[in-house]
Amino acid sequence: MGVIRINDLKVRTLIGAYSWEKVNKQELIINITIKYDAAKACVSDKLKDALNYDAVAAQAIKTVERSRYTLLEKLTAKLLAGIMSDARVQAAHVRIDKPQALPQARCVSFELSAER
């Protein structure tokens, strides 16, 4: 089982419950961990045999930039569902950090995991 980690992917979007959050984009920091059978890619050294992390990151960016959710929970669930829609993925974990959520904290985070 191989593990791909996408660390600190920065994306700006509208998210939040407060009126100012609905009109001012905020930066979110996304961390994704994906487990999949990488045996074929380890032998072949061909992209077609691997889970393309560039495509995963591009889809995550597109999903977040187009979203207009109130809660991190909903957005995290949406990202996780998209990742798990690839049948090769055996397990995935998504964490989203919202740095501007609390002035007294570095960030507030929400995370979800799924596995087959």
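Rules behind the numbers
Residues numbered from 1 in each chain as written. Predicted model: local features only at pLDDT ≥ 70, side-chain atom pairs only at ≥ 80, totals over all residues. Heavy atoms only, no water. Helix = DSSP H or I, 4+ residues; strand = E, 2+ residues; numbered from the N terminus. Buried < 20%, exposed > 50% of the residue type's maximum accessible area, 1.4 Å probe, protein only. Contact = heavy atoms within 4.5 Å. Pairing = 2+ DSSP bridges. Axes fitted to C-alpha atoms, helices over the stretch in contact; angles between N-to-C directions. Expected span 1.5 Å × (residues − 1).

Trainee: Talk me through the environment of T70; I want residue IDs and the actual numbers.
Mentor: Looking at the element boundaries, T70 is found in the loop between helix 2 (53–66) and helix 3 (72–84). For T70, a relative accessible area of 39% corresponds to the partly exposed category. The spatial distance from the C-alpha of T70 to the C-alpha of E21 is 8.8 Å, given a sequence separation of 49 residues. The contact partners of T70, leaving out residues within four places of it in the chain, are I15, G16, A17 and K22.

Trainee: Explain the sheet that holds strand 2 (residues 26–36) to me, using residue names and the numbers behind them.
Mentor: In any sheet, the strands associate via hydrogen bonds between backbone groups, in a parallel or an antiparallel arrangement. The strand order 1-2-3-4 describes an open sheet built from four strands, whose pairing is antiparallel. Both edges of this open sheet fall to strand 1 (2–13) and strand 4 (108–115), since each of them pairs with a single strand only. For this sheet the average axis-to-axis angle between neighbouring strands, irrespective of direction, equals 15°. Sheet strands in contact with helix 2 are strand 1 and strand 2, and its direction is about 30° off that of strand 1. Helix 3 contacts strand 2, strand 3 (89–98) and strand 4 of the sheet and is inclined by roughly 155° relative to strand 3.

Trainee: Give me the lowdown on helix 3, citing residues and values where you can.
Mentor: In this model helix 3 runs 18 Å from its N-terminal to its C-terminal C-alpha over 13 residues, within 8% of the 18 Å that 1.5 Å per residue would give. Looking at the buried residues of helix 3, the elements they touch are strand 2, helix 2, strand 3 and strand 4.

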